[in-house]
Amino acid sequence: MKLKTLIKQSRMKPLDVVIIFFLILCSFLPLAIFGYQQGHADSATNQTIAVLRVDGKEIKTFDLSDDKKSYTYMYKDKDGDYNLIEVADGKIRVKDTNCGDLICVRRGWISKKGESIVCLPHKLVIDIQSSTGGDDGELIY
């Protein structure tokens, strides 16, 4: 059947089809606007940092947002305990230490918000934090 015959039989006027189509199209407008804003906000403020704390005191922060930057940092306390921390490709790890159990070294690389490395003998903690409030695929309970 032709569109004109359908419109005549259903009591709809030709302008009604245009209005309905326009309203359906406008119903998707908030989704497009918020999706666009969210994409620009994430790319502009996405900063991932690692915070080094010893005995609860913040010692240093490492910027993990720059994937091309690679360096090491040696933390040494007054007792001679040391931890060699390596930052590369947006990840961080404890590369070497003089503690007995080496659990912090075996922990390996971390890069996602909420992950941490702990060296109990030296009271050292490295936490990953993000300024965006969440990572891709992260569930909120």
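Residues numbered from 1 in each chain as written. Predicted model: local features only at pLDDT ≥ 70, side-chain atom pairs only at ≥ 80, totals over all residues. Heavy atoms only, no water.

**Structural notes on the overall build of the chain**
Under the convention used in this document: A run of H or I in DSSP counts as a helix once it spans at least four residues, and a run of E counts as a strand once it spans at least two, with each numbered from the N terminus. Here the term buried applies to any residue with accessible area under 20% of the maximum for its type, exposed to any over 50%, and partly exposed to those in between, with areas from a 1.4 Å probe on protein chains only. In what follows, a contact means two residues having at least one pair of non-hydrogen atoms within 4.5 Å. Values of accessible area rely on a 1.4 Å probe in the Shrake-Rupley scheme; residue burial ignores everything except the protein chains shown.
Helix and strand content of the chain: four helices and seven strands. Tracing the chain from N to C terminus, the helices and strands come up as α-α-α-β-β-β-β-β-α-β-β. Counting across all 141 residues of the chain, residues that qualify as buried make up 21%. Put simply, 30% of the contacts in the chain that link residues at least 6 apart link residues at least 24 apart. If you sum the accessible surface of the chain, you get close to 10,400 Å²; carbon and sulfur atoms cover 58% of it.

**Quick look at the pairing of strand β5 (residues 91-97)**
Going by this rule: One requirement defines pairing of two strands: DSSP has to find at least two bridges between them.
Note: strand β4 (residues 82-88) against β5, six bridges, orientation antiparallel. For Asn83, the partnering residue across the bridge sits in β5 and is Thr97. Where β4 folds back onto β5 in an antiparallel hairpin, the turn is made up of two residues, including Asp89, whose phi is positive at roughly 55 degrees.

**Observations regarding a nonpolar patch on the surface**
To keep it simple, the criterion reads: Like-charged residues are merged into a patch within 9 Å and nonpolar side chains (Val, Leu, Ile, Met, Phe, Trp, Tyr) within 5 Å, provided each residue has over 30% relative accessible area and no salt bridge. Any Lys or Arg side-chain nitrogen located within 4 Å of an Asp or Glu carboxyl oxygen qualifies as a salt bridge.
On the surface, Met12, Val17, Ile20, Ile24, Phe28 and Leu31 cluster together to form a nonpolar patch covering roughly 560 Å² of accessible area. With three residues, the top contributor of residues to the nonpolar patch is helix α2 (residues 14-27). With respect to the helices, strands and loops of the structure, Leu31 is situated in helix α3 (residues 29-45).

**Structural notes on the pairing of strand β6 (residues 116-119)**
Residue alternation in β6 divides its side chains into a buried set, Ile117 and Cys119, and an unburied set, Ser116 and Val118. Pairing analysis gives four bridges linking β6 to strand β7 (residues 124-130), with the strands arranged antiparallel. The partner of Val118 across the bridge, within β7, is Val125. Between β6 and β7, which follow one another and run antiparallel, lie four residues, and Lys123 among them has a positive phi close to 55 degrees.

**Let's talk about the side chain of Thr48**
Residue placement: Thr48 occurs in strand β1 (residues 48-54). Excluding residues that lie within four positions of it along the chain, Thr48 makes contacts with Phe62, Asp63, Leu64, Ser65, Ser111, Ile128, Gln129 and Ser130.

**Observations regarding the sheet that holds β7**
Counted only if it meets this: Geometry is summarised by axes, namely lines fitted to C-alpha atoms with helices restricted to the contacting stretch, and by angles between N-to-C directions that run from 0 to 180 degrees.
Taken in spatial order, the four strands make up an open sheet running β2-β1-β7-β6, and their pairing is antiparallel. Both outer strands of the open sheet, β2 (57-63) and β6, are each paired with one neighbouring strand and no more. Taking the axes of each pair of neighbouring strands and ignoring which way they run, one obtains an average angle of 20 degrees across the sheet.

**Brief notes about the packing of aromatic side chains**
Note the cut-off: Pairing of aromatic rings covers Phe, Tyr and the six-membered ring of Trp, with a centre-to-centre limit of 6.5 Å; geometry is then stacked below 30 degrees between planes, edge-to-face above 60, and tilted otherwise.
Counting across every chain of the model gives two aromatic pairs. Ring geometry for Phe62 against Tyr73: centres 5.6 Å apart, planes inclined by 70 degrees, an arrangement best described as edge-to-face. Of this pair, Phe62 sits in strand β2 while Tyr73 sits in strand β3 (residues 71-76), placing them 11 residues apart in sequence. The class of Tyr73 is partly exposed, set by a relative accessible area of 23%.

**Overview of α2**
Put simply, the rule reads: Here the expected length of a helix is defined as 1.5 Å per residue gap, with one fewer gap than residues.
An ideal rise of 1.5 Å per residue puts 20 Å on 14 residues; α2 measures up with 21 Å between its terminal C-alpha atoms. Of all 14 residues making up α2, only zero are buried, and the element is barely covered by its neighbours.

**Some points on the pattern of salt bridges**
Tallied over the entire structure, the rule returns two salt bridges. Notably, a salt bridge pairs Asp127 with Arg53, separated by 3.3 Å at the nearest N-O pair. Taken as a pair, Asp127 in strand β7 and Arg53 in strand β1 lie far apart in primary sequence, 74 residues in all. A residue is classified by how much of its surface remains accessible, and Arg53, at 24% relative accessible area, is partly exposed. A salt bridge links Arg93 to Glu86, with the shortest nitrogen-to-oxygen separation between them at 2.6 Å. Its relative accessible area of 12% is what places Glu86 among the buried residues.

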